[in-house]
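Residue-level structure breakdown
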Amino acid sequence: MAAANALYDAQEGKTPCETAYNALKTSDDVAKTQNAKSVVLRLAPRDEFLARCGALSPVTQQCLVPKYLRSHREECVPARPSPDVLKAMVELRQASQDDEGEPPPIAPPAPPR
């Protein structure tokens, strides 16, 4: 849980995109240094992440911040980026049946109806 908890304790950035990157990078660093279960499988380099994130709508940018998303899941559902857009920025470990606790910090899109 150390890597997951780090998502919510990361340093605030000057923008939502920077805050989201800081959260994901902090989680990744904690997983590596503490040999904890990783949440982040791959994170784009900072400049690339910020550029891609900056091209998204302000609402989507805010919803990429794990701390914000935790309290605003329902209103963030329509703001989710497409899987391809998100994958270019970050790949996250998907929750498995044996995982406990909160859902992933940046939830994948809902299946089509």
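Structure report, in brief.

Quick notes on the rules
In this convention, every chain numbers its residues from 1, walking through the sequence in written order. Reporting in this predicted model follows two pLDDT cut-offs: at least 70 for local features of residues, and 80 or more for side-chain atom pairs to be given and counted; totals over whole chains, interfaces and linings ignore these cut-offs and use all residues. Excluded from the side-chain calculation are hydrogens and water; included are all heavy atoms of the structure. Only runs of H or I of at least four residues qualify as helices and only runs of E of at least two qualify as strands under DSSP, and these elements are numbered from the N terminus. Three labels apply to residues, based on accessible area from a 1.4 Å probe with only protein chains included: buried if under 20% of the type maximum, exposed if over 50%, partly exposed otherwise in between. The criterion used for residue contact is that any of the two residues' heavy atoms lie within 4.5 Å. To measure how exposed things are, a 1.4 Å probe is used in the Shrake-Rupley method; for residues, cover is taken only from the protein chains shown. In summary, the pairing rule links any two rings of Phe, Tyr or Trp, Trp by its six-membered ring, whose centres are within 6.5 Å, and it sorts them by plane angle into stacked for under 30 degrees, edge-to-face for over 60 and tilted for everything else. Here, a charge over a ring means that NZ of Lys or CZ of Arg falls within 6 Å of the ring centre while also lying within 35 degrees of the ring normal. The salt bridge criterion pairs a side-chain nitrogen of Lys or Arg with a carboxyl oxygen of Asp or Glu, the two atoms within 4 Å. Definition used in this section: a nonpolar core is a set of buried Ala, Val, Leu, Ile, Met, Phe, Trp, Tyr and Cys residues joined via side-chain atoms within 4.5 Å. Cysteine sulfur atoms are paired as a disulfide whenever they fall within 2.5 Å.

It is worth spelling out the overall build of the chain at this point. Along the backbone of the chain there are seven helices and two strands. Considering the chain as a whole, with its 113 residues, one finds that 37% of them fall into the buried category. Partitioning the intrachain contacts of the chain with sequence separation of at least 6 by distance along the chain shows that 65% fall at a separation of at least 24. Counting every atom, the chain has about 6,900 Å² of accessible surface; 52% of that belongs to carbon and sulfur.

As a further point, take the packing of aromatic side chains. A full pass over the atoms with the stated rule returns one aromatic pair. Seen from the ring of Y8, R70 lies directly overhead, with NZ or CZ sitting 4.2 Å from the centre.

All chains considered together, the criterion is met by five salt bridges. One salt bridge connects E18 with R46, and the closest N-O pair in it is separated by 2.6 Å. Here E18 is found in helix 2 (residues 16-33), whereas its partner R46 is found in helix 3 (residues 46-54), with 28 residues between them in sequence. Here E18 falls in the buried class, since its relative accessible area comes to 19%. For R52, the salt bridge goes to E48, with nearest N and O atoms at 3.2 Å. Separated by four residues within a single helix, R52 and E48 lie in helix 3, roughly one turn from each other.

Judged by nonpolar contacts, the single largest core of 23 residues is most densely connected at L24, L43, F49, L64 and V90. At the level of elements, helix 1 (2-9), helix 2, strand 1 (40-43), helix 3, helix 7 (83-89) and strand 2 (90-92) are the ones that each hand at least two residues to this core. Of all the elements, helix 2 adds the most residues to this core, at six residues. Setting aside chain neighbours within four positions, we find V90 in contact with L24, V40, R42 and L43.

Glancing now at the state of the cysteines. According to the stated counting rule, one finds two disulfides in the structure shown. Disulfide pairing is shown between C63 and C76; the S-S distance is 2.1 Å. The chirality of the disulfide connecting C63 with C76 is left-handed, given an S-S dihedral of about -80 degrees. Residue C63 is found in helix 4 (residues 58-63), and its partner C76 is found in helix 6 (residues 73-76); the two are separated by 13 residues along the sequence. Judged by relative accessible area, C76 falls into the buried class, the value being 3%. Each disulfide of the chain joins two cysteines, and with those cysteines numbered along the sequence the arrangement is 1-2, 3-4.

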